[in-house]
Every structure is written in structure tokens, then in C-alpha cells.
Amino acid sequence: QVQLVESGGGLVQAGGSLRLSCAASGRTFSNYAMGWFRQAPGKEREFVAAISWSGGSTYYTDSVKGRFTISRDNAKNTVYLQMNSLKPEDTAVYYCAASHNYRPITPVYWGQGTQVTVSS
């Protein structure tokens, strides 16, 4: 079992930045590829970004490329999502996820989510 706890969400103006963190506990963190997903009101949960077990490889959904950066620190059992140039359409609950697979990422564990709201 892996427990995931997100933090760092909040309210920010368009063009601003936020950094989300996801702290993991339980099984060996480096055994899992990690990802971020988001769910806006009335929409399905969608993939945002993923990072490989060692952190050496990443990929993103097209709408966040060049604005968001996923990273991980295996010594701290934490994965991050740096979000820059935020847009109102980035407003959603953001979830981190742990996966045995990297591409495509197929989550087996989820966090509880953190709200990100971008005002125009």
C-alpha cells in the first residue's frame, strides 16, 4: 500500500505560479512511476504529467507543455508539479498517482487531491 498526500494548491491569478507537492509513504517510492492528473467541475479526470521511476524521463499532455514541470526527489519520497503561466482553464482538483507502468501511466494509488483555482 502507498499513501499519497498532496499539498500546495490554492487561488492564484492568471499568469501566476504554483508548486504542488505529493508526499508518499508506505512501499518503496522509487518502485513507482508517478503522475499528476486533474479534474475540473463537470469533466472527467485527465492526465497532466508523468515521471519515470528514477526521474530521468517525463512526458506531458499538450495543453501544459512548456508551462508545467514534473520532478521527483526519491530521497524525500516526494513528487512535484511546478505550474507556471497558469490559465483559468487550469482550474481543477489536482491528484497525484503512483503507477507500476510509466508510459502509459496506469495508476494503482491516488492521493486525495488539492484544489487549484486560477482567476482571470
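No experiment lies behind these values; they were computed from the predicted model shown.

Rules and cut-offs
- Residues numbered from 1 in each chain as written.
- Predicted model: local features only at pLDDT ≥ 70, side-chain atom pairs only at ≥ 80, totals over all residues.
- Heavy atoms only, no water.
- Helix = DSSP H or I, 4+ residues; strand = E, 2+ residues; numbered from the N terminus.
- Buried < 20%, exposed > 50% of the residue type's maximum accessible area, 1.4 Å probe, protein only.
- Contact = heavy atoms within 4.5 Å.
- Areas by Shrake-Rupley, 256 points an atom, 1.4 Å probe, with all protein chains shown as cover.
- Lys, Arg positive; Asp, Glu negative; His and termini not counted.
- Charge placed at Lys NZ, Arg CZ, Asp CG, Glu CD.
- Core = buried A, V, L, I, M, F, W, Y, C linked by side-chain atoms within 4.5 Å.
- Pairing = 2+ DSSP bridges.
- Axes fitted to C-alpha atoms, helices over the stretch in contact; angles between N-to-C directions.

Please explain the overall build of the chain as it appears in this structure.
Across its full length, the chain carries 0 helices and 11 strands. Each helix and strand of the chain, ordered N terminal to C terminal, gives the series β-β-β-β-β-β-β-β-β-β-β. Within the chain, the proportion of its 120 residues that are buried is 44%. In the chain, the share of contacts with a sequence separation of at least 24, taken over all contacts with a separation of at least 6, comes to 56%. Taken as a whole, the chain presents about 5900 Å² of accessible surface, with 47% of it coming from carbon and sulfur. Measuring between centres, the 11 positive side-chain charges of the chain sit 5 Å from its 7 negative side-chain charges.

So what exactly am I meant to see when it comes to the nonpolar core here?
General note: in soluble globular proteins, nonpolar side chains tend to be found buried as a group. Membership of the largest hydrophobic core comes to 29 residues, with the highest contact counts inside it found for Leu4, Trp36, Val79, Leu81, Met83 and Tyr94. If you list the elements that add at least two residues to this core, you get β1 (2-7), β3 (18-26), β4 (33-39), β5 (46-51), β7 (68-73), β8 (78-83), β9 (92-99) and β11 (114-119). If near-sequence neighbours (up to four positions away) are discounted, Val79 is found in contact with Leu20, Ser21, Cys22, Phe29, Met34, Trp36, Ile51, Ile70, Ser71, Arg72 and Cys96. Ala33, Phe47, Tyr102 and Ile105 belong to the second-largest nonpolar core, a separate cluster that totals 8 residues.

Explain the sheet that holds β3 to me, please; I cannot follow it from the model alone.
Strands belonging to one sheet form pairs held by backbone hydrogen bonds; the direction of such a pair is parallel or antiparallel. Taken in spatial order, the 4 strands of this open sheet run β1-β3-β8-β7, and their pairing is antiparallel. Looking at strand neighbours, the two that pair on one side only are β1 and β7, the edges of this open sheet. Pairwise comparison of adjacent strand axes, ignoring direction, gives a mean angle of 15° for this sheet. The pairing of β7 with β8 spans 6 bridges and is classified as antiparallel. Note on β8: the bridge partner recorded for Ile70 is Leu81.

Distances and angles like these do not, on their own, reveal function.
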